[in-house]
Amino acid sequence: MSGRWLGKCPGCGAFGTLVEELHGSPSAAGGGVVPSTPVPIGDVAADEADRIPTGVSELDRVLGGGIVPASLVLVGGEPGVGKSTLLLTALGAIARSGRRALLVTGEESTAQVALRASRLGGAEAVEILAETELDTVCATLEATRPDVCVIDSVQTLHASALGSAPGSVAQVREAAGRLLRVAKEAGVATVLVGHVTKDGAVAGPRVLVHLVDCVLQFEGDRYHEHRVLRATKNRFGSTNELGVFEMTATGLVGVPDPSELFGTTHPGEVGAAVGCALEGTRPILLEVQALVAPTDLAMPRRVGTGVDPKRLAMIVAVLGRHAGVPLASADVFVNVAGGVRIEEPGADLAVALAIASAARGVPVLESLAAFGEIGLTGRLRQASQAERRLEECAKLGITTVIAPAGSAGRSAVRVSSAETLRAAIDAGLEARTSAVEAAA
């Protein structure tokens, strides 16, 4: 055998006896390839598959109505946030509905999972497999073909053909690719549990996020009782939906009305305002807290928890330039109560109102909420779906809402329209002088 042409055979010494042989598939040599025929998109039968309800209403909301058969879902979150608890609860409900549910655990033994299942209750019909060999897991899925399979976690799987350690880039990529093919061919809805990095992103190669159909991010502090589940990618639904859970002794319980939980403030409290944010199709009332203190640094700090730091810096700049709130020599700290993260611009006005209240030492008017987008010119822009926001405020007993001009609807609350940020700040704060201003 030789890798190049030789006139004389090195074995027998004869000339012209080496013959070329092709190895591998015919396509490797460029011949024998049968072309495929493209099909117009209009001729493709696209039947909507029946989703598999998970039995957890908040999880179904984020997924878009349930798990799509033969789909691949990635769930990420910090250790101890409740990923395994939530998925075991969902598997128990799926198994009780008559479908076959399988849990492949690579981080815990079957006895440890059984202890958690006995504490949660209702997961007796869930099948369990403690295995980390990728070939064995794929062969089991192809042979048993469960309706839903949860793999906890994908970083523990390893393929013997690869020499790298489990959790490496090559191993995670190989596991995701193999499981994707098995899920599509065998019709198994597969849920992968993934680790996260220090900044909260899903650990591993970005190809893992590109391969899956849906990416769910489980947020929250393991030392607090509330968790937030949101979709950062969803091929079968919206990525704006939000699920709120409460950790109890019997597992995670969905919170059907998070506005009542997160949108309460104490009357007369300085630096607290209620904003109405829109997460997907759900309006949520959130308490925004702010603290303004004199700084001892050359560059004042702008620290935000639950809000975008860049957007917070923009709001502070607009407050100082167009609303007459001097913040150039003050540290500004903003926090969204309950650990919820605000991503939509409709909550800008509530953040600005809380900062102005803290800076002036004047509380926000009682039973008041605010929403609206702030522009760099100091003008307020309308927020989307204002009617639904007003209905949510009326349901929670809010009597007055400060919103951009043109946001009034047929809701029971009184809408105080404002065109500029300065007018909204003056309308939202109590018309009295603070003790600090009176002393000055």
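The paragraphs below set out a description of the structure included in this document. (Residues numbered from 1 in each chain as written. Predicted model: local features only at pLDDT ≥ 70, side-chain atom pairs only at ≥ 80, totals over all residues. Heavy atoms only, no water.)

1. Side note on the pattern of salt bridges
We apply this condition: What counts as a salt bridge is simple: a side-chain nitrogen of Lys or Arg found within 4 Å of a carboxyl oxygen of Asp or Glu. The secondary structure listing takes helices from DSSP runs of H or I that are at least 4 residues long and strands from runs of E that are at least 2 residues long, numbered from the N terminus. Burial classes: relative accessible area under 20% of the type maximum marks a residue as buried, over 50% as exposed, and values in between as partly exposed (1.4 Å probe, protein chains only).
Applying the stated criterion across every chain, the model contains 17 salt bridges. Among the salt bridges present, the one from glutamate 219 reaches arginine 230, with a minimum N-O distance of 3.1 Å. On the criterion of sequence distance, the pair formed by glutamate 219 in strand 6 (residues 214-219) and arginine 230 in strand 7 (residues 226-234) is long-range, its members being eleven residues apart. Among the salt bridges present, the one from glutamate 219 reaches arginine 341, with a minimum N-O distance of 2.5 Å. Placement of the pair is glutamate 219 in strand 6 and arginine 341 in the loop between strand 13 (330-336) and helix 9 (348-360), with a sequence separation of 122 residues. Accessibility expressed as a relative area gives 13% for glutamate 219, which makes it buried. Classification of arginine 341 as partly exposed rests on a relative accessible area of 29%.

2. Some thoughts on unusual backbone geometry
Negative phi characterises most residues that are not glycine, and trans characterises most peptide bonds. Residue serine 153 follows aspartate 152 across a cis peptide bond; omega there is 0°. By the secondary structure assignment, serine 153 is in the loop between strand 4 (148-152) and helix 5 (169-186). Here alanine 70, not a glycine, exhibits a phi torsion of approximately 65°, which is positive. Structurally, the position occupied by alanine 70 is in the loop between helix 1 (57-63) and strand 1 (72-77). Overall, the relative accessible area of 17% leaves alanine 70 in the buried class. Despite not being glycine, glutamine 385 has its phi angle at roughly 55°, a positive value. Within the element layout of this structure, glutamine 385 appears in the loop between strand 16 (380-381) and helix 10 (386-395). Accessibility expressed as a relative area gives 39% for glutamine 385, which makes it partly exposed.

3. Quick notes on the sheet that holds strand 12 (residues 302-305)
Basically, it comes down to this: Pairing between two strands requires that DSSP report at least two bridges joining them. Interaxial angle, 0 to 180 degrees, is taken between N-to-C directions of lines fitted to C-alpha atoms, where a helix line uses only the stretch in contact. When checking whether two residues touch, look at their non-hydrogen atoms; a contact exists if any pair is within 4.5 Å.
On the basis of which strands lie adjacent, the open sheet formed by seven strands has the order 12-13-11-10-14-17-18 and mixed pairing. Each having just a single partner strand, strand 12 and strand 18 (414-418) make up the two edges of the open sheet. Each strand axis lies, on average, 30° off the axis of its neighbour in the sheet, ignoring direction. Along the sheet, helix 8 (residues 309-322) contacts strand 12 and strand 13; its crossing angle with strand 12, the most-contacted strand, is approximately 125°. With respect to the sheet, helix 9 is in contact with strand 10 (272-279), strand 11 (282-294), strand 13, strand 14 (368-370) and strand 17 (400-404), its orientation differing from that of strand 11 by roughly 30°.

4. Details of the state of the cysteines
This is how it is decided: The disulfide criterion used throughout: a pair of cysteine sulfur atoms within 2.5 Å.
Tallying each qualifying case throughout the model produces zero disulfides. As a non-bridged cysteine, cysteine 149 has cysteine 138 as the owner of its nearest cysteine sulfur, 9.7 Å distant. Left without a disulfide partner, cysteine 214 is nearest to the cysteine sulfur of cysteine 149, which lies 16 Å away. A relative accessible area of 2% places cysteine 214 in the buried class.

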